[in-house]
Protein chains: 2
Amino acid sequence: MTRSYFINEKGDEITFQLFPEHYVMGNVHSLLFNEPSKFVYQALEDTKVYVIDNESFQNVILQNPRFLDLNRMDFNNMPLKQAFRRVESFVLLSPEERYLKYMNDYPSVINRAPDKYIANVLGITPVSLSRIKGRITAKRLR
Amino acid sequence: MTRSYFINEKGDEITFQLFPEHYVMGNVHSLLFNEPSKFVYQALEDTKVYVIDNESFQNVILQNPRFLDLNRMDFNNMPLKQAFRRVESFVLLSPEERYLKYMNDYPSVINRAPDKYIANVLGITPVSLSRIKGRITAKRLR
DNA sequence: CTCATTTGTTATCTTTTGTTATTGTCGAGC
DNA sequence: GCTCGACAATAACAAAAGATAACAAATGAG
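Rules and cut-offs
- Residues numbered from 1 in each chain as written.
- Chains lettered and ligands numbered in written order.
- Predicted model: local features only at pLDDT ≥ 70, side-chain atom pairs only at ≥ 80, totals over all residues.
- Heavy atoms only, no water.
- pLDDT = per-residue confidence, 0-100.
- Helix = DSSP H or I, 4+ residues; strand = E, 2+ residues; numbered from the N terminus.
- Core = buried A, V, L, I, M, F, W, Y, C linked by side-chain atoms within 4.5 Å.
- Buried < 20%, exposed > 50% of the residue type's maximum accessible area, 1.4 Å probe, protein only.
- Pairing = 2+ DSSP bridges.
- Axes fitted to C-alpha atoms, helices over the stretch in contact; angles between N-to-C directions.
- 1 Å grid on protein atoms, 1.4 Å probe; cavity = no way out; pocket = protein on both sides within 12 Å on 5 of 7 lines; lining within 4 Å.
- Points joined across faces, edges and corners; volume = space filled by probe spheres on them.
- Nonpolar A, V, L, I, M, F, W, Y, C, P; charged D, E, K, R; others polar.
- Salt bridge = Lys/Arg side-chain N within 4 Å of Asp/Glu carboxyl O.
- Parallel < 35°, antiparallel > 145°, perpendicular 65-115°, else oblique.
- Contact = heavy atoms within 4.5 Å.

**Q** I'd like to hear about the confidence of the model for chain A, residue by residue, with values.
**A** Any residue range with low pLDDT should be treated as having predicted coordinates unsuitable for detailed reading. For chain A, the average pLDDT comes to 82, and 82% of its residues sit at 70 or higher. Of all helices and strands in chain A, the one with the weakest mean pLDDT is helix 2 (residues 54–63) of chain A (65), whereas helix 6 (residues 115–122) of chain A scores best (97).

Right under this line is the structure:
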């Protein structure tokens, strides 16, 4: 389980992404955008780290048109597609619906990452996430 | 000025992106993801349309490592980078801050696209956007 | 120009969220 | 065992957002 986050103006850590196993968290900013990353990358559990220099990476791009598949082992979920889906979820869904979708898409993350991280990923506060969880279980019991 | 939108469960059109001139709106889904697009692409003003088949596009990818720069004429704003920035704005900013940032980033869109489109892009309702605009001008007059 | 449609603003009400503070739980370390 | 710190749940309050309706302004077709 890995985590990427940045620091906002107030100095708080804002979690941007959480990856369970079989995902590769790449430093997309420095590799693709050719600029220093705003993100801090953190391993929440034991994790393999591969280091690749920019030039080698350019060669990977040139030789492999599917280099964008970097983010997932099964080469079926490109960063761009992930990002599109995520923007879609913000445009189309309410926070509660977003949480339900996240639970469905990344079930292995839900019970292993702290809720305060997940709240950031969903674009809401930890308190709001707690309330949403409460509403959902209340509905479930009814 | 062009627009991409999809249809939600209720049957409403939800605007996903708005592009001013000098941007190229590409059908990323069908070309990159190799799947039919959920989006409808619409020209709000006179627009040049280029059609490219999938095979030719694969060649473009293979021959040009910067193919991702598709979305902007000045080749400085890749779709992935745009998508990352947009997710960032949802994670970090309030709806009002998001609108101010959008005004700053796409000033030419603000006064030419209907607010109901812009509201969708920002992930809020048109009514809410109208109130946000009201709050901002109220602050400006104070 | 006129009429009909669309779009934007405003008001009202309800729901949700953010903020802050409090409480309880759990685990690490002493 | 005890304390301390981190995290989640909850409450209370204010602020904002969603839904809806009514009205005004702008747009477009004829």
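**Q** I'd love a proper account of the nonpolar core, names of residues and values included.
**A** Of all hydrophobic cores here, the largest spans 24 residues; its most connected members are Leu80(A) and Leu80(B). Counting only elements with at least two residues in this core, the list comes to strand 2 (13–19) and helix 3 (79–92) of chain A together with strand 2 (13–19) and helix 3 (79–92) of chain B. Counting residues in each nonpolar core, the second largest holds 19 residues, with Ala113(A), Tyr117(A), Leu122(A) and Ile136(A) among its members.

**Q** Explain the sheet that holds strand 2 of chain A residue by residue, including any values.
**A** All names here are of chain A. Overall, antiparallel pairing links the 3 strands, which are arranged 2-1-3 in an open sheet. Whereas interior strands pair on both sides, the edge strands pair on one side only; in this sheet they are strand 2 and strand 3 (40–43). Adjacent strand axes in the sheet meet at a mean angle of 30 degrees, parallel and antiparallel pairs treated alike. As judged from the 4 bridges shared by strand 1 (residues 2–7) and strand 3, these two strands associate in the antiparallel manner. Of the residues in strand 3, the one forming a bridge with Thr-2 is Ala-43.

**Q** Before we move on, could you go through the layout of surface pockets and cite the residues and values that matter?
**A** All names here are of chain B. Roughly 1,200 Å³ of volume is contained in the largest pocket. For the largest pocket, the lining is made up of 45 residues, of which Phe-90, Val-91, Leu-92, Leu-93 and Ser-94 are closest to its centre. The dominant element in the lining of the largest pocket, judged by the number of residues it contributes, is helix 3, at 4 residues. Taken together, the residues of the lining of the largest pocket sort by class into 20 nonpolar, 11 polar and 14 charged.

**Q** Break down the pattern of salt bridges for me, citing the residues and quoting the values.
**A** According to the stated counting rule, one finds 17 salt bridges over all chains in the structure shown. Note that Lys101(A) and Asp105(A) form a salt bridge whose closest N and O atoms lie 3.1 Å from each other. Placement of both Lys101(A) and Asp105(A) in helix 4 (residues 95–105) is noted, with a separation of 4 residues, approximately one turn of the helix. For Lys101(A), a relative accessible area of 32% corresponds to the partly exposed category. With a closest N to O distance of 3.0 Å, Glu13(B) and Arg3(B) form a salt bridge. Taken together, the residues span a long stretch of sequence, with Glu13(B) in strand 2 and Arg3(B) in strand 1 (residues 2–7) at a distance of 10 residues.

**Q** Can you tell me about the packing of helix 4 of chain A against helix 7 (residues 126–141) of chain A, naming the residues and giving the values?
**A** Residue and element names in this part refer to chain A. Between helix 4 and helix 7, the shortest axis-to-axis distance is 10 Å and the interhelical angle comes to 75 degrees. The orientation of helix 4 relative to helix 7 falls into the category roughly perpendicular. Mapping the contact onto sequence places Pro-95, Glu-96, Tyr-99 and Leu-100 in helix 4 and Leu-129, Ile-132, Lys-133, Arg-135, Ile-136 and Lys-139 in helix 7. Split by residue class, the contact of helix 4 with helix 7 holds 6 nonpolar, no polar and 4 charged.

**Q** Now, about helix 6 (residues 115–122) of chain B: what can you tell me, with residues and values included?
**A** For an α-helix, 3.6 residues make a turn, and residues three or four places apart therefore share a direction. Residues and elements named next belong to chain B. Counting buried positions over the 8 residues of helix 6 gives 6, a clear majority of the element. All of the buried residues in helix 6 are Tyr-117, Ile-118, Ala-119, Asn-120, Val-121 and Leu-122. Among the residues trailing helix 6, Gly-123 stands out with phi positive, at a value near 80 degrees.

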